[in-house]
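Single-letter residue listing:
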Amino acid sequence: LLFLPSEPAAVDGGGTGQTVSVADLRGAGEPAPGGEVRRYTLTARVATVRLPTGREVEAWTFDGRVPGPPVTATEGDVIEVTLRNTDIGDGVTLHWHGYDVPCGEDGAPGVTQDVVRPGGEFVYRFRADQTGTYWYHTHQASHRGVRRGLFGTLVVTPRDRPADDARRLDLTLPVHTYDDTTVLADPDGRTEHTAAVDTPVRLRVVNTDSVPHRLALAGTPFRVAAVDGRDLNRPGEVVRTALRLPAGGRYDLVFVMPDRPVTLVVDDADAVHVRPGGDAGGPVEDPSGWPELDLLRYGVPAAVPFDADGGDVTRHFTMVLDRGVAMVDGSPAFAQTVNGRGHPSVPDQLVAEGDLVRFTVVNRSLETHPWHLHGHPVLVLSRNGTRAAGSPLWMDTFDVRPGEVWRVAFRATNPGVWMNHCHNLAHAHEGMMLRLRYH
Ligand code: C2O
Ligand code: CU
């Protein structure tokens, strides 16, 4: 079986075997027992939007909002989203960042579908079997489209929820920079919240920018419950510790509401406040000097479904990231490259279903490259030769800083053609991108 992008449509396999267009790998039909079909229509259009800071910006929006309407579901529901485009000249698609949808729902233009032009429409449909915090964004000219506002959040909650869950304060907080203003607020633009003392609080922080952000939670000890939507194994309580959230990444932070205000600080600027009500005083802590949590040593180790350091690996790819001379629009230019080449001339990575694949990602440049593979979470094995020693860390976007070498692994269980790229979207646009293809 050979999987081919939607363009060209399925071609003759020359007698060597079947070919399947990824456009035919579509999502599930029915919800799980007890589940429902969650229907949304998202219409992409240009609109003037008022930021929580009061400033007005000309944005590219879904339904006139930035971020777009939150997409939510309970585990086992079917999510069905009709995407329409009114007047976004670049065209639009929806990519479900971190969500392992069937390939035909993945929103990679020219690979899994045609771009949705003004007047056009595309319907995405997939089962919400994966719980946690994710996001969606356009994948067409995404270096422009996402920056200007074509994104929103996707949160799927477990069907069986703990008893105290009903009284939980659960906030989804995208971080996004509009020109030079970084905003951390819930999708309705609110930055002030109240929670009674002893209420469990969950903050789902989503980095929709192309650069990392520094986060700190002042006023309370907390746990990092989940990274990129996946729960950590027995995360310990930390206090006065900062977090670095990669571009595209998500952290779920949990704490129990104390009797004084809690502030989530982004890049050392005040951002979101949760207050216990009454006239409790303001936070007294200044997080600017706090050390950064090393997630590779956080939480308790647990069994993983394969031995990626031992003999189980069946494919191994090395990606060297650097700036170099590559062909851009038909002529040589200085650009972001993978193994000395720029997309689309980086060779495809070929895998077979069931392969255990290991990536070594080497950053030889002076910039950070948040690496993102579509359709599969990767297990972090090591950074700079030091093995991961905490909870198994499954990520879909990991920050490879200048000079770093990361090793990660994943099982090839989601057939199709998948983009594999730097999530600094300007870098991806310049060529720091390739395709992983099942054959
Ligand atoms: Cu969030 Cu290929 O992207
Ligand atoms: Cu990059």
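Treat the numbers as computed from the prediction; the structure is a model and nothing was measured.

1. What about the overall build of the protein chain?
Along the backbone of the protein chain there are two helices and 33 strands. Here the C-alpha coordinates of the protein chain stretch approximately 75 × 50 × 50 Å along the principal axes. In the protein chain, of all internal contacts separated by at least 6 residues, the share reaching a separation of at least 24 is 74%. When the accessible surface of the protein chain is totalled, it reaches about 17400 Å², and 48% of it is carbon and sulfur. Charge centroids of the protein chain, computed over 43 positive and 56 negative side chains, lie 2 Å from each other.

2. Looking at the coordination of the copper ion (ligand 2)
Protein coordination at the copper ion (ligand 2): the donors are His369 (ND1), Cys422 (SG) and His427 (ND1), at 2.0 to 2.1 Å from the metal. In terms of primary sequence, the donors binding the copper ion (ligand 2) are separated according to H-x52-C-x4-H. For the pair cysteine 422 and histidine 427, one class covers both residues: buried.

3. Quick look at the sheet that holds strand S8 (residues 121-127)
Strand-to-strand pairing in sheets goes through backbone hydrogen bonds, with the strands running parallel or antiparallel. Reading across the sheet, the four strands line up as S4-S3-S6-S8 and stay open at both edges, with mixed pairing between neighbours. Bordering the open sheet on either side are strand S4 (56-62) and S8, each of which pairs with just one other strand. On average, adjacent strands in this sheet sit at an angle of 25 degrees to one another, irrespective of strand direction.

4. Things to note about the sheet that holds strand S10 (residues 151-157)
The mixed open sheet is built from four strands, whose spatial order is S5-S10-S9-S7. Each having just a single partner strand, strand S5 (71-74) and strand S7 (95-97) make up the two edges of the open sheet. Taken over all neighbouring pairs, the strand axes of this sheet differ in orientation by 25 degrees on average, direction set aside. Where strand S9 (residues 132-137) lies against S10, six bridges are found, and the strand directions are antiparallel. Looking at S10, one finds that tryptophan 135 is bridged to threonine 153.

Conventions we followed
- Residues numbered from 1 in each chain as written.
- Chains lettered and ligands numbered in written order.
- Predicted model: local features only at pLDDT ≥ 70, side-chain atom pairs only at ≥ 80, totals over all residues.
- Heavy atoms only, no water.
- Helix = DSSP H or I, 4+ residues; strand = E, 2+ residues; numbered from the N terminus.
- Contact = heavy atoms within 4.5 Å.
- Areas by Shrake-Rupley, 256 points an atom, 1.4 Å probe, with all protein chains shown as cover.
- Lys, Arg positive; Asp, Glu negative; His and termini not counted.
- Charge placed at Lys NZ, Arg CZ, Asp CG, Glu CD.
- Donors = N, O, S within 2.8 Å, 3.2 Å for Na, K, Ca; no water.
- Buried < 20%, exposed > 50% of the residue type's maximum accessible area, 1.4 Å probe, protein only.
- Pairing = 2+ DSSP bridges.
- Axes fitted to C-alpha atoms, helices over the stretch in contact; angles between N-to-C directions.

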